[in-house]
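# Working through the structure, step by step
Here is what each chain is made of, one letter per residue.
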Amino acid sequence: MSDEQELTGPATQTRRALLTGAGAVGAAVVLAACGSDDSGGGAIPTSGGPAVPSSGDAGGGDRAGAQSLARTADIPVGGGAVYPAQGVVITQPTAGDFKAFDSICTHQGCPVTNVDGGTINCTCHFSKFSIEDGSVKGGPATKPLPPKNIKVTGDQISLA
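Calculation rules
- Residues numbered from 1 in each chain as written.
- Predicted model: local features only at pLDDT ≥ 70, side-chain atom pairs only at ≥ 80, totals over all residues.
- Heavy atoms only, no water.
- Helix = DSSP H or I, 4+ residues; strand = E, 2+ residues; numbered from the N terminus.
- Core = buried A, V, L, I, M, F, W, Y, C linked by side-chain atoms within 4.5 Å.
- Buried < 20%, exposed > 50% of the residue type's maximum accessible area, 1.4 Å probe, protein only.
- Contact = heavy atoms within 4.5 Å.
- Pairing = 2+ DSSP bridges.
- pLDDT = per-residue confidence, 0-100.

### Considerations on the environment of Lys137
Secondary-structure assignment places Lys137 in strand 8 (residues 136–138). Sequence separation of Lys137 and Asn121 is 16 residues, and the distance between their C-alpha atoms is 9.7 Å.

See the structure below:
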C-alpha cells in the first residue's frame, strides 16, 4: 500500500469519527475556559472569606482600619471570637478591654474553636484558657495561649 492509498471501510470511518469528536470536545473545553462572564478585565476570582471593613480612603490616605479583623461590637463583653484564618482569638473580658491570643492550643496544636463561659475552648482534648490572660483554666494543656498584639482604633480591631 502506497502513501496515496487510503484505507476505507468501517474501521477507518469509526476511527475518523472518534478523532473528529475528540477534537471537537477538546476545542469546546478550550473555548469555554477562555470565556468569562466577568467584565472585570480578567481578574482572577478569589474565595469570599470574612468581610474586611475599611475606614481608610481608597487613595492611600489614613489606612488605620484597612486591615481590621473585627468591629468592637462583634466581640461580646465576657466572651470573644475566634478568627482561625488570622490565627487569633479576640476577647473582651470587661467592657472596652480587648485582648488577643494565639488560636492554636498549646497542648497538641489543635485550633481552639470557641469562646464560651468565660473561657477559650479547644474541643480536641477539652483544654480551657482564660479570656483575660490566656492562662490554663482546664487541662490537659499546661501552658497558656501566647498573647498577640492588637490595636483598637475607633470601632475597628486589627493586629498591631
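Back to the text.
### Considering the nonpolar core
Grouped together as the largest cluster of nonpolar side chains are 12 residues: Val89, Phe101, Cys105, Cys110, Val112, Val115, Ile120, Cys122, Phe129, Ile131, Ala141 and Leu145. Leu69, Ile75, Tyr83 and Ile157 belong to the second largest nonpolar core, which has 10 residues in total.

### A closer look at the side chain of Gln92
When you line up the elements, Gln92 lands in strand 3 (residues 88–94). Classification of Gln92 as buried rests on a relative accessible area of 6%. Dropping the residues within four chain positions of it, Gln92 is found in contact with Thr72, Ile75, Pro76, Val77, Gly78, Gly79, Asp97 and Phe98.

### Examining the pairing of strand 4 (residues 97–102)
Where strand 3 meets strand 4, five bridges bridge the pair, whose relative direction is antiparallel. Among the inter-strand pairings, Thr91 is bridged to a residue of strand 4, identified as Lys99.

### Quick word on the confidence of the model for the protein
Mean pLDDT for the protein: 73, with 59% of residues reaching 70 or above. Every residue in residues 27–65 is under pLDDT 50, and counting partners more than four places away or in other chains gives 21 contacts.

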